[in-house]
Amino acid sequence: MKLRIFATTILCATLFLSACKEQKKDIAPIEVSFTKEGSLTIYKAATDSIVARLDIEIADTDYDVQTGLMYRNSMQKTQGMLFVFPTMRERFFYMKNTRIPLDLIYLDNNKHIVSFQENAVPFDEASLPSRVPAQYVLEINAGLSEKWLLEVGDRIEYTEINEK
């Protein structure tokens, strides 16, 4: 009788453990949501007229700069991310783990546009250089630079609304 109970216990434990091993664990992909940290206005250089107003996230820490817009499934046309660096130098970005196509707008220390990388391809790890020194980088949805007719020399102004 004890042998039968022992054998039944072993059989149940074996079935339980094998059932646990066969269950696949679904891991949900990471998705980061937008958090408004400031407002940004883009101005045409020639006329000083407003081209666009955006809600922005501000990347000014090592973690924020390294993460950028990775793991986002979408971004509204009125949103963007502004990278703020302490110095002017040539900048290099890439699209690793970035799911949405972007335009990258490089700006100097006076917040004037100095160069572009338009229609950056999602997940592409090729370098997207500024080609000239830049202190700020604005990332917006791909195609908006062309739609808004942005040019080198146009400028931005921004304000932070939340202290980090």
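To be clear, the structure that these remarks concern was listed above.
Keep in mind that this is a model prediction, so the values were computed, not measured.

(A) Representation of the environment of Ser33. Note that Ser33 resides in the loop between helix H1 (2-22) and strand S1 (38-43). As a C-alpha pair, Ser33 and Met75 span 42 residues in sequence and 9.0 Å in three-dimensional space. Leave out the neighbours within four places in its chain, and Ser33 touches Glu57 and Arg72.

(B) Representation of the packing of aromatic side chains in the model. In total, this model carries four aromatic pairs according to the counting rule given. Three or more aromatic residues joined by ring pairs form one cluster here, namely Phe83, Phe85, Phe93 and Tyr106. Positioned above the aromatic ring of Phe85, the side-chain terminus of Arg91 is 3.9 Å from the ring centre. Positioned above the aromatic ring of Tyr43 is the side chain of Arg155, whose terminal nitrogen or guanidinium carbon lies 4.1 Å from the ring centre.

(C) Representation of the sheet that holds strand S7 (residues 155-160). Taking strand neighbours across the sheet as the criterion, the seven strands line up as S5-S4-S6-S3-S2-S1-S7 in an open arrangement whose pairing is mixed. Taken across any chain shown, the strands that pair with only one partner, and hence form the sheet edges, are strand S5 (113-120) and S7. Averaged over neighbouring strand pairs, the angle between their axes works out to 30 degrees when direction is ignored. For strand S4 (residues 102-107) and strand S6 (residues 128-141), the ladder comprises six bridges, and the chain directions are antiparallel. Each residue of the ladder has a partner; that of Ile105, found in S6, is Leu138.

(D) Spotlight on the pattern of salt bridges. Across all of its chains, the model carries six salt bridges by this definition. Here Lys36 ties to Asp55 by a salt bridge, and the two come within 3.0 Å at their closest N and O atoms. Here the residue Lys36 occupies a position in the loop between H1 and S1, and Asp55 occupies one in strand S2 (residues 50-59), the gap between them amounting to 19 residues. Note that Asp154 is salt-bridged to Lys44, the shortest N-O span being 3.0 Å. Taken together, the residues span a long stretch of sequence, with Asp154 in the loop between helix H3 (144-147) and S7 and Lys44 in the loop between S1 and S2 at a distance of 110 residues. For Lys44, a relative accessible area of 16% gives the class buried. Each of Lys44, Glu151 and Asp154 takes part in a single network of salt bridges with overlapping partners.

(E) Representation of the nonpolar core. Membership of the largest hydrophobic core comes to 19 residues, with the highest contact counts inside it found for Leu40, Ile42, Leu54, Leu82, Ile105, Leu138 and Trp148. Per-element accounting of this core gives the leading share, four residues, to S2. Beyond its immediate stretch of four places on either side in the chain, Leu40 contacts Ala52, Arg53, Leu54, Ile56, Leu82, Leu138, Ile156, Glu157 and Tyr158. In this structure, Met75, Met81, Met95 and Ile100 belong to the second largest nonpolar core, which totals 16 residues.

Conventions adopted
- Residues numbered from 1 in each chain as written.
- Predicted model: local features only at pLDDT ≥ 70, side-chain atom pairs only at ≥ 80, totals over all residues.
- Heavy atoms only, no water.
- Helix = DSSP H or I, 4+ residues; strand = E, 2+ residues; numbered from the N terminus.
- Contact = heavy atoms within 4.5 Å.
- Phe/Tyr/Trp six-rings, centres within 6.5 Å; stacked < 30°, edge-to-face > 60°.
- Lys NZ or Arg CZ within 6 Å of the ring centre and 35° of its normal.
- Pairing = 2+ DSSP bridges.
- Axes fitted to C-alpha atoms, helices over the stretch in contact; angles between N-to-C directions.
- Salt bridge = Lys/Arg side-chain N within 4 Å of Asp/Glu carboxyl O.
- Buried < 20%, exposed > 50% of the residue type's maximum accessible area, 1.4 Å probe, protein only.
- Core = buried A, V, L, I, M, F, W, Y, C linked by side-chain atoms within 4.5 Å.

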